[in-house]
Amino acid sequence: MSDADVVVVGAGVAGLVAARELTARGRQVLVLEARDRVGGRTLNAAVPGATVELGGQWVGPGQDRVLALLGELGLGTFPTYDSGRHLIEFGGRVHRRRDTVPRLGPLALADVATTWRALGRAVRRVDVEAPWHSPDAAALDAQTFATWLHRHSRTRGGRRFFHSITRAVFAAEPGELSALWAQFYFASAGGPGAVVSTTGGAQQERIDGGSQRLAERLAAPLGERVVLGTPVRRIAVDDGGVTVHPRTGVAVRARRVIVAVPPALIGGVDFDPPLPPGRQALLQRLPHGAVVKANVVYDEPFWRRQGLSGQAASEDRTVSMVFDNSPAGGTPGVLVCFVEGHAATAFGALGPARRRARVLDDLAAYFGPAARRSTGYVDHDWTADPWSRGCYGAFGAPGALTRYGPVLRTPTARVHWAGAETAVRWVGYLDGAVESGQRAAGEVEAALSGSAPSPATDLVSGLNQP
C-alpha cells in the first residue's frame, strides 16, 4: 500500500489540472488513468502530413482559463478556417450561404428569428452558479428541450432548424435533454451565439499540434506520478482517509481523492460506503451524447479554391456537420466530419470500410466529386470507447438539475468531483474542464490546509504488480 496526499482518478484535462495545482502547493499527488494515454476526451491522430483531432479540439473568446493555461504551457493557437461560403443542405438541396441559416421561406425565417430571441431571453435568466434556482426552473426541468422548442417555434422549418442545432451542440436529440439543462449549457458559454459560432465563438481557435498536447504538457512534469493502464475498481472512505483500489496492483492510501472521469463511468466504481442516494440518482440522469468523429485528408484544401469555407451542415445526412480541419499551413487539406445523435449509433455499427464510404458519399454530396479523392481517413466512435461511453459530454435528463443539481459539485465525504460537466462556465468544453480541476484542487487544499504536506514517498512502486 502506497501513500499520497491526494489520488486523482482520471488523466484527462480536468484531472491533470487538479494534479498540477496541488503539486504546486507541495502536495504529494498520484494520478491513476485507465487508458494507455493521457488526454481523456481529447485525442490526436496522425494522418499523412498532419496531426488531427478525434476528440475535443476548439477554444475561443471568453474561455479565459484554458487560454491562460495554454500560454503558461507554451502552446499556441491558430484560427479555424472560416472564409468563404458555407454549404447548408435543407429540404434536399445544398445552398451556399454566407451565414449558417438554411434557405427557408419567409414564415420559417421569421419563426427562427423569433425563437432565437426567445431562447436568448430565457438563457439570460439562468443562474449559472445554481441553475435549479433560476426563474421557472421547475417548469423548465420538467420538460424536454424538444417540448420547449415546439412551444416557441411554430413552423416545421423552424423546428427542424433548432433540432439540427441541438444535435450539433449536444450530440443528442432535443427530446433527450431537459430544457433547463440546455439553457444552462448555453448560459455557461455566455449565450447560444457563442456556442454555435466559429469566428467570435467556441470554434474560433485550434491548438498547435492538436488539443491532446494540452494534457501531454500537463502530465510531463508529473512524470511517473501519472500511472497509465490502471482502472480504479473501488474507493473506500474511512475516518482516517481514503483507500483507492486499482483493478490490478496495490492499493493506494490517501487523505483525499478527486474523481475526474465522465459521469457514465462513475457507476463502474464500487464506493464504500456507497455514494449518497442523491449522488447515485444524479449519475443515472446524466447520459452522454453519441458521436463518431472522422477526419478525411486531401492533397490540398480544394474547397478553398471554390470559395468555400469547408463548413457544411445537413439535417438529413449521416454526416451532419463538417469543418475545415487543415493544419495552420493549409496543406494537406483536411475535413473533419461529425455523425451525431441517433445517426451515430447506426453508423458506429458499420465496419471501417463502410464508414469511410458513407462519409465520402456525403462529402461528395456537399463538395462535389473531388471529395472522393481522399488520401487518408481516420475516425473514432466515442460511444464505443470504454473509457468515455459517449461524447461530447453528459447532459441532464428532465428532473436532474432541480432534484439533484446541488450535489453536482458537492464533495462526498473525502471524495471530490471534477470534469467538464461540473463546471459553471463553459460546461462541457476544455475551459470547463480546466475550471473544474482548479475548483476541485482548491477544495482539497482547503480541506488539507493546516497540516504539513506528506513527505515524498515512492508512489509508483508496486502499482503494476499483480
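The following refers to the structure shown.

Calculation rules
- Residues numbered from 1 in each chain as written.
- Predicted model: local features only at pLDDT ≥ 70, side-chain atom pairs only at ≥ 80, totals over all residues.
- Heavy atoms only, no water.
- Helix = DSSP H or I, 4+ residues; strand = E, 2+ residues; numbered from the N terminus.
- Buried < 20%, exposed > 50% of the residue type's maximum accessible area, 1.4 Å probe, protein only.
- Polar contact = N/O pair within 3.5 Å; in protein donor to acceptor, adjacent residues only side chain to side chain.
- Contact = heavy atoms within 4.5 Å.
- Pairing = 2+ DSSP bridges.
- Axes fitted to C-alpha atoms, helices over the stretch in contact; angles between N-to-C directions.
- Expected span 1.5 Å × (residues − 1).
- Phe/Tyr/Trp six-rings, centres within 6.5 Å; stacked < 30°, edge-to-face > 60°.

### Description of the side chain of Ser178
Turning to step 1, where the next piece is worked out: Relative to the assigned elements, Ser178 resides in the loop between helix H6 (156-170) and helix H7 (179-188).
Turning to step 2, where the next piece is worked out: On the basis of relative accessible area, Ser178 is assigned to the buried category, the value being 0%.
Turning to step 3, where the next piece is worked out: Polar contacts involving the side chain of Ser178 include one to the side chain of Asp141, which spans 2.5 Å.
Turning to step 4, where the next piece is worked out: The contact partners of Ser178, leaving out residues within four places of it in the chain, are Leu140, Asp141, Gln143, Thr144, Phe145, Gly396, Ala397 and Pro398.

### Remarks on the sheet that holds strand E16 (residues 308-314)
The strands making up a sheet associate through hydrogen bonds between their backbones, and the pairing can be parallel or antiparallel.
Turning to step 1, where the next piece is worked out: Read from one edge of the open sheet, 7 strands run E8-E7-E16-E17-E18-E15-E19, paired in mixed fashion. The outermost strands of the open sheet, each flanked by one partner alone, are strand E8 (93-97) and strand E19 (376-381). Direction aside, the axes of adjacent strands within the sheet are offset by 20° on average.
Turning to step 2, where the next piece is worked out: Here strand E15 (residues 291-298) pairs with E19 via 6 bridges, running antiparallel. Bridge pairing in E19 places Val292 opposite Asp381.

### Some words on H6
Turning to step 1, where the next piece is worked out: Helix length check: H6, at 15 residues, gives a terminal C-alpha distance of 21 Å against a target of 21 Å (1.5 Å per residue), a fit within 8%.
Turning to step 2, where the next piece is worked out: For H6, every residue scored as buried is listed here: Gly157, Gly158, Phe161, Phe162, His163, Ile165, Thr166, Arg167, Val169 and Phe170.
Turning to step 3, where the next piece is worked out: Considering only its buried residues, H6 is in contact with strand E7 (85-90), helix H3 (106-124), helix H5 (145-152), H7, helix H8 (192-196) and strand E18 (333-340).
Turning to step 4, where the next piece is worked out: Of the residues trailing H6, Ala171 is marked for its positive phi of about 55°.

### Regarding the packing of aromatic side chains
Turning to step 1, where the next piece is worked out: Under the counting rule described, the total for this entry stands at 21 aromatic pairs.
Turning to step 2, where the next piece is worked out: With a centroid separation of 6.1 Å and 15° between ring planes, the pair formed by Phe145 and Trp148 is classed as stacked. Of this pair, Phe145 and Trp148 both sit in helix H5, 3 residues apart, which is roughly one turn of that helix.
Turning to step 3, where the next piece is worked out: Seen in terms of ring centroids, Phe271 and Trp417 are 6.1 Å apart; in terms of plane orientation they differ by 45°. Their pairing is tilted. In this pair, Phe271 is assigned in strand E14 (residues 270-272) and Trp417 in strand E20 (residues 415-417), connecting sequence segments 146 residues apart.

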